[in-house]
Amino acid sequence: MRFPTVTSPHLTPPHSVGRVMTQVILALIPATIAATWYFGWGVLINIGIAVTTALACEAVMLTLRRRPLPPALGDLSAVVAAWLFALTLPPLVPWWIAVIGIAFAMVFAKHLYGGLGYNPFNPAMVGFVVVLLSFPRELSLWTIPAVLAEQRLGFTDYLNAIFLGHLPAGLTWDALTSATPLDRVRTELGMNRTLDEIRENPFFGDFSGRGWEWVGNWYLLGGLWLAYRRVIDWRIPLAVLLSLCALAAAFHLFDPGRFASPAFHLFSGAAIVGAFFIATDPVTASTTPRGRLIYGAGIGVLIYVIRTWGGYAEGVAFAVLLMNMAAPTIDHYTRPRVFGTRRGERDAP
Amino acid sequence: MPPTPRHHALSTATPRIPLHRFHGGLHLEGHKAVSTQDPILRLPLPERLILPLRQHIGEAAEPLVKPGERVFKGQILARGGSFVSAALHAPTSGRVAAIGDYPVPHPSGLSAHCIVLECDGEDDWGEHRLPPIEDHHDLDPVRLRARVREAGIVGMGGAAFPTAVKLAPRGEQRIHTLILNGAECEPYISCDDMLMREHATQVIEGAKILRHALKPERCLIGIEDDKPQAIAALRAALAGPEYNDANTDEEIDGIRIVPLPAHYPTGGERQLIYVLTGLEVPAQGLPADVGVVCQNVGTAAAVYRAVTLGEPLISRIVTVTGGGIAHPRNVEVPLGTPVATLVEAAGGYTHQVSRLILGGPMMGFTIASDEVPIVKGSNCVLAVTADELPARGPTLPCIRCGECVRVCPADLLPQQLYWYARAQDFDQAQNHHLFACIECGCCAYVCPSNIPLVQYFRFAKNEIWSQERERHKSDLARRRHEFRQERMAREEREKAERLAKKKAALETAPAGADEDPKKAAIQAALERVRARKAADEGGETPTDAGDAGRTHQD
Ligand code: SF4
Ligand code: SF4
């Protein structure tokens, strides 16, 4: 009898890229629902725009590069990147900003480097930084969280606002939007107010901005689940959050009036989503166990430094991109000692 | 940052020897029970046996028989070519039908030199048993090694490394621990399990013979704890049936039976040594470098049979299993029996059979035809269905997820090695210790991108080896050339000297009439002989160097 031949191992793998990405998407769902609840339908509409654009760009690029569509489109990595990118956008941002950002990410940050697995920079963060630098004003206008807002827009209102730029009669942008907690703290600290004074505003909740801190909790939940399922390596989020908190705590103790508390840093902006979902993007992170600790710690430190002394209120995207650049070097210097060898030894065949 | 400590002693209620855990590895489902329901079946002799000359790691054996010759059971058919090689014996009596190229069980699927034996059904030993050694409880190592070599014994766990080589001393290093490997960690395979259950005495006696010869401080038999019957049988063989306390690994007669947590690849030699002793065999070395000798339990049984019964290695136990087999079981067959015969004995194929694998599902290789013979290292014939082991999906790019790093028992960075192997950057691959890879397949198993990592590593190793061989060859050619140049120059010089001498002799002869011209002539002749001898001796060196490529160490 004749049989086909293939190489070992013959046991079929328990994972696949598609499965990994599906789990990431599942883990994002609670936070997505929370964000939609607090910040409006715009969150979902942005995700829809970004995902559609990403898949379209991916298909076009694969065709141009003469690669087969099904395995690459089915791996869902484009969906994850687009989803994360969309979550970083303010819910009322004009549609073309989302399109430009994710298209740039897919075409330049992913496919021109050779596609999935070869991109040195996290595509979602590249897309975000591009639109942040190009359209700073639009990117600073976040909707007021539901708990504080007097006016809530319906789904069609959002569609009109995002696609046509029309607001319902009698409403102004100012009435609907405000700065992020990080922006606010930054601006008001610049006006020489102390943190205690700033935080008296009802805008702030227990740790950070109202609404913001709750969305953060849901990200945390999804992230912990991913770490538990071993979809992501616990080392990276732990290192990011620990180093961020450690720095924040040190400075907060030194001058509580000028430096926000660790809890504020943790639950503001993109710290948690960044630690669990963005820094853990395997392609652009470090791959060695010790390297991942260093990589994560580097991101945490940079987030704090940029937030506190940098030119931007939020530093997650820049921190991740900077550490992406350092990842190959970190990998090189953190290679584990191979079984039965001494460090620095070389093989003879 | 110091390397993470590797010594986690497992604590249990009763005191046992401390076990160590290696990095990575996998928990795999065993699938072993299906093939252990029935006792080992001895198959009747087939009509024809196909015996590859190379059933082991190392050089092919050199045939000692001619087509047409009648041979007895146990008669030597081919002798070990060099130090790392193994002899081959007739598994039964019959006639040598042919010596030529036949398909052999090898991943390449190519043919190789084989002796074809037509069995006569007599199974007649004639005078060809090796003389049994009576005083085997006090065998000296040299004699043991000679017998093991004579009997053509190789590692029975699958790698088929010549056992005599492993028993050879390495420099000054004393052997302090003898380990018998009964871990059998790869799914589906159960031949060692069945051997231990049914021939426990052979294993224990084999262990004692090895122990008496090697004089280690201790002897450990490591068995994964999913084989309770095998553990009980060995315990009974070691200390009598009443000794059956499963919760101890108490030492009896210098031998300890140590149950191990089932964890793939605990049965890998380096991993097993680490689990039992905490010692790391150097990536470029042998267990003897750290004072350990490790033998498979099947090898120990073969040693016992060779020493006390004078039987060379001519048969083995093979597991025939998988969803593609009607009645999975273990069979004992003469070497050279075609795989198809084993399958038939196990009830034949089921309708859904889709792949035929020799070895286990992690390290075995697929064979295209069931006509290939069982060889010394064949431990399992695995016929699987598409449901059981579905074909792998399409290969995607590496997403650097690090799963492979997490499971690699050699602490390698497989994704990095993959990168270098693919780019054919063999230098970097070696810097990253490609050769420490034991090809266990853990990395490829967990890879979400379905990358056949092990295939890349084998490819890179083969490339490096062949480059090495090329370099060696050209070195040799260069040396030979240089030597020839040198010899020619020397001959020129000597010729010139001789001429000069002759001339001088002629010139001085008339003057020195008292000098005996005969004596001078003899002197000159002696001179010539000496010169030629020197030239000849030198001339032999290149041929010697030509052989230096092989490892003459014994
Ligand atoms: S498991 Fe596969 S995809 Fe993941 S890092 Fe290793 S080679 Fe790359
Ligand atoms: S096959 Fe080699 S690289 Fe892969 S896990 Fe096993 S030892 Fe590590």
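What you see is a predicted model, and the numbers here were worked out from it, not measured in a lab.

Peer 1: Any details on the overall build of chain B? Residues and values, ideally.
Peer 2: Helices and strands together make up the secondary structure of chain B, namely 14 helices and 17 strands. Taking all 554 residues of chain B together, the buried fraction comes to 53%. Across chain B, the fraction of contacts at a sequence separation of at least 24, relative to all contacts at a separation of at least 6, is 73%. With the model as given, the accessible surface of chain B reaches about 25,000 Å², and the carbon-plus-sulfur share is 53%.

Peer 1: Can you lay out the packing of aromatic side chains for me, pointing to particular residues and giving the numbers?
Peer 2: Within the structure shown, the criterion is met by 14 aromatic pairs over all chains. Between F251 of chain A and W309 of chain A the ring centres are 5.2 Å apart and the planes differ by 70 degrees, which places this aromatic pair in the edge-to-face class. On the criterion of sequence distance, the pair formed by F251 of chain A in helix α13 (residues 235-254) and W309 of chain A in helix α16 (residues 289-309) is long-range, its members being 58 residues apart. Through a chain of ring-to-ring contacts, three or more aromatic side chains come together here, namely F251, F259, Y304 and W309 of chain A. Positioned above the aromatic ring of F72 of chain B is the side chain of R70 of chain B, whose terminal nitrogen or guanidinium carbon lies 5.4 Å from the ring centre.

Peer 1: Can you explain the pairing of strand β15 (residues 353-358) of chain B? Please cite residues and give values.
Peer 2: Residues and elements named next belong to chain B. Most of β15 sits out of view: five of its six residues are buried. Examined bridge by bridge, β15 and strand β17 (residues 380-385) share five bridges and lie antiparallel to one another. For R355, the partnering residue across the bridge sits in β17 and is V384.

Peer 1: So, empty space enclosed by the protein: which residues are in play, and what are the values?
Peer 2: Residue and element names in this part refer to chain B. If you walk through the whole model with that rule in mind, you get five cavities of 30 Å³ or more. Put simply, the largest cavity is a space of about 210 Å³. For the largest cavity, the lining is made up of 18 residues, of which M156, G298, R305, S315 and R316 are closest to its centre. Among the elements of the structure, α3 (191-198), α7 (297-309) and β13 (315-321) are those that each provide at least two residues to the lining of the largest cavity. Of the residues forming the lining of the largest cavity, the biggest block, four residues, is contributed by α7. When its residues are assigned to classes, the lining of the largest cavity shows nine nonpolar, four polar and five charged.

Peer 1: Report on the environment of P448 of chain B, specifying residues and quantitative values.
Peer 2: Here P448 of chain B lies in the loop between α12 (442-446) and α13 (453-511). Contact partners of P448 of chain B, with chain neighbours within four places excluded, come to H15, S16, V17 and V20 of chain A together with I399 and C401 of chain B.

Peer 1: Quick rundown of the nonpolar core? Include the residues and the values.
Peer 2: The biggest cluster of nonpolar side chains holds 96 residues, and the ones touching the most others in it are F85, Y219, F277, Y295 and I299 of chain A. Per-element accounting of this core gives the leading share, 11 residues, to helix α1 (residues 17-39) of chain A. Counting residues domain by domain, this core receives three or more from each of domain 1 (17-178) and domain 2 (179-332) of chain A. Core analysis: the second largest hydrophobic core is formed by 69 residues, I40, L234, Y264 and C442 of chain B among them.

Peer 1: Tell me what's going on with the site of ligand 1, and back it up with residues and numbers.
Peer 2: All residues adjacent to ligand 1 are C398, I399, R400, C401, G402, E403, C404, Q415, C447, P448, S449 and L453 of chain B. Across the shell around ligand 1, the residue classes tally to seven nonpolar, three polar and two charged.

Peer 1: If you had to explain the site of ligand 2 to someone new, which residues and values would you point to?
Peer 2: Residues and elements named next belong to chain B. Taken together, 13 residues surround ligand 2, and among them C408, C437, C440, G441 and C443 come closest. Where the shell around ligand 2 is concerned, the elements lending two or more residues are α12 and α13. The class makeup of the residues in the shell around ligand 2 is 11 nonpolar, one polar and one charged.

Peer 1: Explain the pairing of strand β12 (residues 292-296) of chain B residue by residue, including any values.
Peer 2: Residues in a regular strand project their side chains so that they alternate between the two faces of the sheet. All names here are of chain B. Among the five residues that make up β12, five are buried, leaving the element largely enclosed by the rest of the structure. A two-sided burial pattern is seen for β12, the buried positions comprising V292, C294 and N296 on one face and V293 and Q295 on the other. One ladder, built from five bridges, connects strand β9 (residues 177-182) with β12; its direction is parallel. Note on β12: the bridge partner recorded for N181 is N296.

Peer 1: Explain the sheet that holds β13 of chain B to me, using residue names and the numbers behind them.
Peer 2: Residue and element names in this part refer to chain B. Strand order in the open sheet made by the six strands is β1-β14-β13-β17-β15-β16, with mixed pairing throughout. Each edge of the open sheet is held by one strand with a lone partner, namely β1 (41-42) and β16 (365-366). Alignment of β15 against β16, held across two bridges, turns out to be antiparallel. Bridge pairing in β16 links I357 to T366. Strand contacts of α3: β13 and β14 (329-334), with the helix running at about 125 degrees to β13, the strand carrying the most contacts.

Peer 1: Please give an account of unusual backbone geometry that cites residues and values.
Peer 2: For the bond from Y264 of chain B to P265 of chain B, the omega torsion is -5 degrees, close enough to zero to count as cis. Mapped onto the fold, P265 of chain B is located in the loop between β11 (255-260) and α6 (269-277). Its identity is not glycine, yet R66 of chain A carries a phi of approximately 55 degrees, on the positive side. Checked against the element boundaries, R66 of chain A lands in the loop between α2 (42-64) and α3 (69-74).

Peer 1: Explain the sheet that holds strand β7 (residues 94-103) of chain B residue by residue, including any values.
Peer 2: All names here are of chain B. The strand order across the open sheet built from four strands is β2-β8-β7-β4, with neighbouring strands paired in antiparallel fashion. Since the sheet does not close on itself, it has two edges, and those belong to β2 (48-52) and β4 (70-71), each with one partner. Pairing of β4 with β7, which is carried by two bridges, proceeds in the antiparallel orientation. Its bridge partner being in β7, V71 is matched across the sheet by G94.

Peer 1: Now, about the domain arrangement of chain A: what can you tell me, with residues and values included?
Peer 2: All names here are of chain A. Domain parsing of chain A yields domain 1 (17-178) and domain 2 (179-332). Taking only C-alpha atoms, the centre of domain 1 and the centre of domain 2 are 21 Å apart. Taken together, the contacts link 34 residues of domain 1 with 30 residues of domain 2. Contact between domain 1 and domain 2 buries roughly 2,800 Å² in total, counting both sides, with carbon and sulfur atoms accounting for 78%. For the domain 1 face of the interface with domain 2, the top three residues by lost area are Q23, N122 and M125, together amounting to 18%. Linking domain 1 with domain 2 are two residue pairs in polar contact (both at pLDDT 80 or more). For the side of domain 1 that touches domain 2, the leading source of residues is α1, giving 12 residues. Taken together, the residues that form the side of domain 1 that touches domain 2 break down as 28 nonpolar, six polar and no charged.

Peer 1: Break down the packing of α13 of chain A against α16 of chain A for me, citing the residues and quoting the values.
Peer 2: All names here are of chain A. Contact pair α13 / α16: the axes reach a minimum separation of 7 Å and the direction vectors enclose 40 degrees. Accordingly, the angle class assigned to the pair α13 and α16 is oblique. Of the two elements, α13 crosses α16, and the hand of that crossing is right-handed. Looking at the contact of α13 with α16 residue by residue, the classes come out as 16 nonpolar, three polar and three charged.

Peer 1: Would you mind going over the side chain of T88 of chain A in detail, with residue names and values included?
Peer 2: Residue and element names in this part refer to chain A. With respect to the secondary-structure elements, T88 resides in the loop between α4 (77-87) and α5 (95-110). Within the local environment of T88, its side chain forms a polar contact with the backbone oxygen of F85, the two atoms lying 2.5 Å apart. For T88, the residues in contact, after removing those within four places along its chain, are M125, F128 and W142.

Peer 1: Tell me about the packing of α16 of chain A against helix α17 (residues 316-333) of chain A, residues and numbers included.
Peer 2: Residues and elements named next belong to chain A. Contact pair α16 / α17: the axes reach a minimum separation of 9 Å and the direction vectors enclose 150 degrees. Judged on the interaxial angle alone, α17 and α16 are roughly antiparallel. Helix-helix and strand crossings are classified by hand; for α16 and α17 the assignment is right-handed. Contacts from R290, G291, I294, Y295, G298, I299, L302, I303, I306 and R307 of α16 reach α17 at V316, F318, A319, V320, L322, M323, N324, A327, I330 and Y333. Residues that form the contact of α16 with α17 fall into these classes: 15 nonpolar, three polar and two charged.

Peer 1: Outline helix α15 (residues 271-278) of chain A, supporting the account with residue identities and numerical values.
Peer 2: With respect to burial, α15 of chain A is a largely interior element, eight of its eight residues being buried. For α15 of chain A, the set of buried residues is A271, I272, V273, G274, A275, F276, F277 and I278 of chain A.

Peer 1: Now, about the interface of chain B and chain A: what can you tell me, with residues and values included?
Peer 2: Chain B puts 75 residues into the contact, and the matching count from chain A is 47 residues. Counting across the chain B and chain A interface gives two salt bridges. Where E280 of chain B meets R337 of chain A, a salt bridge forms, and the shortest distance between an N and an O atom there is 2.7 Å. Connecting chain B to chain A are 17 residue pairs in polar contact (both at pLDDT 80 or more). Taken together, the elements giving at least two residues each to the side of chain B that touches chain A come down to α6, β15, β16, α9 (403-407), α10 (414-422), α11 (426-431), α12 and α13 of chain B. By residue number, the principal contributor to the side of chain B that touches chain A is α13 of chain B, which donates six residues. Taken together, the residues of the side of chain B that touches chain A sort by class into 45 nonpolar, 16 polar and 14 charged.

Conventions we followed
- Residues numbered from 1 in each chain as written.
- Chains lettered and ligands numbered in written order.
- Predicted model: local features only at pLDDT ≥ 70, side-chain atom pairs only at ≥ 80, totals over all residues.
- Heavy atoms only, no water.
- Helix = DSSP H or I, 4+ residues; strand = E, 2+ residues; numbered from the N terminus.
- Buried < 20%, exposed > 50% of the residue type's maximum accessible area, 1.4 Å probe, protein only.
- Contact = heavy atoms within 4.5 Å.
- Areas by Shrake-Rupley, 256 points an atom, 1.4 Å probe, with all protein chains shown as cover.
- Phe/Tyr/Trp six-rings, centres within 6.5 Å; stacked < 30°, edge-to-face > 60°.
- Lys NZ or Arg CZ within 6 Å of the ring centre and 35° of its normal.
- Pairing = 2+ DSSP bridges.
- 1 Å grid on protein atoms, 1.4 Å probe; cavity = no way out; pocket = protein on both sides within 12 Å on 5 of 7 lines; lining within 4 Å.
- Points joined across faces, edges and corners; volume = space filled by probe spheres on them.
- Nonpolar A, V, L, I, M, F, W, Y, C, P; charged D, E, K, R; others polar.
- Core = buried A, V, L, I, M, F, W, Y, C linked by side-chain atoms within 4.5 Å.
- Domains from an automatic or database assignment.
- Near = heavy atom within 4 Å.
- Axes fitted to C-alpha atoms, helices over the stretch in contact; angles between N-to-C directions.
- Buried area = accessible area lost by both parts, 1.4 Å probe.
- Polar contact = N/O pair within 3.5 Å; in protein donor to acceptor, adjacent residues only side chain to side chain.
- Parallel < 35°, antiparallel > 145°, perpendicular 65-115°, else oblique.
- Left-handed = near helix turned anticlockwise from the far one by under 90°.
- Salt bridge = Lys/Arg side-chain N within 4 Å of Asp/Glu carboxyl O.

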